[in-house]
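Structural overview
The chain contents come next:
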Amino acid sequence: MPPLTLDETILRPDIAVISMSSSLVDFESSRSLEEMIFDTTTAALNSVGLTAQDLDGIVISGNDQLDGRVISIMATAGPAGGVGHDTTMIASSADHALAYGYLRLRAGQGKNVLVVGWAKPSESADPDRVELMEAEPYLLRPTGMNNTIAAALQASTWLSADNVPDSSQEFVAWPLRREDLPARGDSVHALVLAVDGEFPPGSELAWVVDAGWSTTSYEIGTRNLGDLSSLNSAAEQIFDRNPQATPDHWDAVEIAGNSEYEVRAVQYALHLKESTGVNLSGPLCERPTSPYVAGLSRMVAAIEAIRPESLPADGLRLTAGIGFNGFAGQGATVIVFSNSKGGKA
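Rules used in this analysis
- Residues numbered from 1 in each chain as written.
- Predicted model: local features only at pLDDT ≥ 70, side-chain atom pairs only at ≥ 80, totals over all residues.
- Heavy atoms only, no water.
- Helix = DSSP H or I, 4+ residues; strand = E, 2+ residues; numbered from the N terminus.
- Buried < 20%, exposed > 50% of the residue type's maximum accessible area, 1.4 Å probe, protein only.
- Core = buried A, V, L, I, M, F, W, Y, C linked by side-chain atoms within 4.5 Å.
- Contact = heavy atoms within 4.5 Å.
- Pairing = 2+ DSSP bridges.
- Axes fitted to C-alpha atoms, helices over the stretch in contact; angles between N-to-C directions.
- 1 Å grid on protein atoms, 1.4 Å probe; cavity = no way out; pocket = protein on both sides within 12 Å on 5 of 7 lines; lining within 4 Å.
- Points joined across faces, edges and corners; volume = space filled by probe spheres on them.
- Expected span 1.5 Å × (residues − 1).
- Arc of directions from axis to C-beta.
- Phe/Tyr/Trp six-rings, centres within 6.5 Å; stacked < 30°, edge-to-face > 60°.
- Lys NZ or Arg CZ within 6 Å of the ring centre and 35° of its normal.

Right, let's get into unusual backbone geometry. Cis geometry marks the peptide bond from Trp174 to Pro175, where omega comes out at 5°. Mapped onto the elements, Pro175 comes out in the loop between α7 (147–156) and β5 (186–195). With a phi close to 50°, Leu228 is a non-glycine residue in the positive phi region. Looking at where Leu228 falls in the secondary structure, it is placed in the loop between β6 (206–215) and α8 (229–241). The exposure class assigned to Leu228 is buried, which follows from its relative accessible area of 5%. Despite not being glycine, His271 has its phi angle at roughly 55°, a positive value. Relative to the helices and strands, His271 is located in the loop between α9 (260–269) and β8 (277–278). The class for His271 is exposed, based on a relative accessible area of 62%.

Written as C-alpha cells, this is what we have:
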C-alpha cells in the first residue's frame, strides 16, 4: 500500500478578496456607528450577491473605548450580520482581523468570511484622552502616553545633528507637525474573502499572497523605538515562505505609519526600490481614519492599487499593506496581494 500523501491545494487553498466596501469621512454626524457598519457590510455583500446567511464566518474588529460601548461586540455584531453566526472579535487592530480572516480560510474553516473593521472617534469625547486610558486603565491623568506622544518619541530617534526641524515651525508634539500626523476621521471597512473555486474566475479583486504579523514589548521604555523590530519580524515571515513576495517585487505599498517619519523609516528598513509607489492613496494627513483602523484602511488601498488603471505595469502585479498597532509600532502586520493566483505570473 503506497504511503498517504497530503494534497496541499486542499489543505491550504488560495484565498482572494472578492468584495470591498468602505466609508471614510472626517466627521459622520448623520449615522451612528451601528448604521455605518450595517450600510458598509451590506454594500460589500450585495456587490457579490451574498447575504449574511451565505457566510461561513464573520470577523469583526472594534475598540471599546473609541466605540464608546462596553464590550462593543454586543452592539456591533448585529449590524455586521453576526447574529446566529460564527463570529470572532479581534481587539488588537483591524489589520489583525484581516490576517485572522485569511488564516481561517487557509486552515479550512469555511469557504468565505466577512471581515469588518471600524473606528468612529467622533462619538468619543476626546480620542486623545481615550488613548491615555489605554495606557493607564485605572487612572486618567492630564498627561501620559497616547499615539501622538509615542509617535513623537519614535520620530525623535531618527533625527540627527544635520536633520532637525526648523524651530520656528508649529509642532503638535516635537518634532511632529500637523502634516506629519495621520488625519482623524470616522471609517468602516468591510471585505469578503473566499477560497479559490467559490467565485467566478476573474471576478476577484486581489489574491492574498501571504501575511505576517509580530508584536514586541508593551513597555515602551524597554525597546528601541526606532528599530522597527515588529515590522522586520512580520515581513521576514513572508519573505522566508515566499521569496517572490519580497519588496524587490512590489509595485506599490500602502503604509499606515504613526507619522510620516515612520513611513520613511519603513521605506528604508525594507530597502524599497525607487520605482515602488508609496502611499498612492495619499499621505497620512489626507486619509481620514484612526490609529485602530489605519492598517486595514491602507490594506484596502493596497488592494485597490492592484487594478490595471492604478498600476500600468503589464502582467504580474504585487502590492503590500502595512499596519501598526500599539504605541510606536509595538505590533506590525504585513499582507502582500497579487493580481495573480499564488503571486506568480
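Following the structure, the description resumes.
Here we come to the nonpolar core. Core analysis: the biggest nonpolar cluster contains 31 residues, and Leu98, Val115, Leu191, Leu193, Ile335 and Phe337 have the highest contact counts within it. Secondary-structure elements contributing two or more residues to this core are β1 (15–25), α5 (94–106), β4 (112–119), β5, β6, α10 (294–304) and β10 (331–338). If one sorts the elements of this core by residue count, α5 sits on top with six residues. Ignoring anything within four residues of it in the chain, the contact list for Leu191 reads Val17, Ser19, Met20, Leu98, Val113, Leu114, Val115, Leu296, Val300 and Ile303. Core analysis: the next-biggest nonpolar cluster, separate from the first, contains 24 residues, Ala234, Phe239, Ala265 and Val266 among them.

Attention now moves to the sheet that holds strand β9 (residues 318–325). Two modes of strand pairing occur in sheets, parallel and antiparallel, and in both the strands are linked by backbone hydrogen bonds. One open sheet holds the 10 strands; their spatial order is β3-β2-β4-β5-β1-β6-β10-β9-β7-β8, and the pairing between them is mixed. Because the sheet does not close on itself, it has two edges, and the strands there are β3 (87–90) and β8. Across eight bridges, β6 lies against β10 in antiparallel orientation. Across the sheet, residue Asp210 finds its bridge partner in β10, namely Val336. Across the sheet, helix α2 (residues 33–46) is in contact with β1, β4 and β5; its angle to β5 comes to roughly 30°. Across the sheet, α10 touches β1, β4, β5, β6, β7 (252–256), β9 and β10, and the angle it forms with β9 is around 175°.

The subject of this paragraph is the layout of surface pockets. Approximately 520 Å³ is the volume attributed to the largest pocket. Asn63, Ala91, Ser92, Glu134 and Tyr292 are, among the 25 residues lining the largest pocket, the residues nearest its centre. Mapped onto the lining of the largest pocket, the elements with two or more residues apiece are α3 (64–67), α6 (127–135) and β9. The biggest single contributor to the lining of the largest pocket is α3, with three residues.

Glancing now at the side chain of Thr289. As for its position among the elements, Thr289 is in the loop between β8 and α10. Its relative accessible area of 5% is what places Thr289 among the buried residues. With near-sequence residues (within four places) excluded, Thr289 lies in contact with Ala183, Arg184, Gly185, Ser187, Ala294 and Ser297.

The end-to-end C-alpha distance of α2 is 20 Å, a good match for the 20 Å that 14 residues give at a rise of 1.5 Å each. Within α2 the residues assigned to the buried category are Leu33, Met36, Ile37, Thr40, Thr41, Ala44 and Leu45. Axial view of α2: buried residues confined to an arc of 150°, hence all on one face. Looking at the buried side of α2, the elements it contacts are β1, α3, α4 (73–76), β4 and β5.

Let us now look at the packing of aromatic side chains. Going through the model one piece at a time under the given rule, you end up with two aromatic pairs. For the ring pair Phe199 and Trp207, a centre distance of 5.7 Å and an interplane angle of 50° mean the geometry is tilted. Residue Phe199 is classed as buried on the basis of its relative accessible area, which comes to 10%. We classify Trp207 as buried; its relative accessible area is 7%. A centroid spacing of 6.3 Å and a plane angle of 55° characterise the contact between Phe239 and Trp250, whose relative ring orientation is tilted. Of the two residues, Phe239 is situated in helix α8 and Trp250 in the loop between α8 and β7; the sequence distance between them amounts to 11 residues. For Trp250, a relative accessible area of 0% translates into the label buried. The ring of Tyr261 is capped by Arg264, whose NZ or CZ atom sits 4.9 Å from the centre of that ring.

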